[in-house]
Amino acid sequence: MKIAIPVVEGLLSLHFGHCESFAILDVDMENKQILSTDVVAAPAHEPGLLPRWLGERDVNMIISGGMGQRAKDLFTEQSIDVIVGATAQPPEAIVKSYMQGALSSGANACDSDGSACDH
């Protein structure tokens, strides 16, 4: 399974579309291990591009601080599961928490102002 985390300055970016890079972690869910981490520069922000771009990298899930509904729908079309409401932590810590069933997530960071998140 591959999990993508949008990153700014080494921590999860609260809005996936405004990140510097993506940490793409290949994980073994059965053994709860991170097999590898690949950090790739994010493409230029363009509405609708990221779901396709991450789909081409065989990503199965994205964990983000916030995301608009339109973006969530586009990820679903690419068969990429979405978790929102994660806090700004290092990608490995977020994925380890997820694998242990202990990922703490709060409100979608985009719910306060959907206009900035609906792409």
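Here, every reference points to the structure presented above.
Given the structure is predicted, the values throughout are model-derived calculations rather than measurements.

Asks: Tell me about helix α2 (residues 69–77), and name the residues and values.
Replies: Ala71, Leu74 and Phe75 are the residues of α2 that are buried. Along the long axis of α2, the arc covered by the buried residues comes to 100 degrees, so they all point the same way. Those residues of α2 that are exposed and aimed more than 90 degrees away from the buried face are Thr76 and Glu77. Along its buried surface, α2 packs onto α1 (49–55), β5 (61–64) and β6 (81–84). Count one or two residues on from α2 and you reach Ser79, which has phi positive near 60 degrees.

Asks: Would you mind going over the environment of Asn31 in detail, with residue names and values included?
Replies: Within the secondary structure, Asn31 is located in the loop between β3 (21–28) and β4 (33–41). Considered as a pair, Asn31 and Met99 are 68 residues apart in the sequence and their alpha carbons are 9.1 Å apart. A polar contact is formed between the side chain of Asn31 and the side chain of Asp28, at a distance of 2.8 Å.

Asks: Give me the lowdown on the pattern of salt bridges, citing residues and values where you can.
Replies: Under the counting rule described, the total for this entry stands at one salt bridge. Arg57 is paired through a salt bridge with Glu56; the nearest N and O atoms lie 4.0 Å apart. Arg57 gets classed as partly exposed once you look at its relative accessible area, which sits at 30%.

Here is what the cut-offs are and how they apply
- Residues numbered from 1 in each chain as written.
- Predicted model: local features only at pLDDT ≥ 70, side-chain atom pairs only at ≥ 80, totals over all residues.
- Heavy atoms only, no water.
- Buried < 20%, exposed > 50% of the residue type's maximum accessible area, 1.4 Å probe, protein only.
- Helix = DSSP H or I, 4+ residues; strand = E, 2+ residues; numbered from the N terminus.
- Arc of directions from axis to C-beta.
- Contact = heavy atoms within 4.5 Å.
- Polar contact = N/O pair within 3.5 Å; in protein donor to acceptor, adjacent residues only side chain to side chain.
- Salt bridge = Lys/Arg side-chain N within 4 Å of Asp/Glu carboxyl O.

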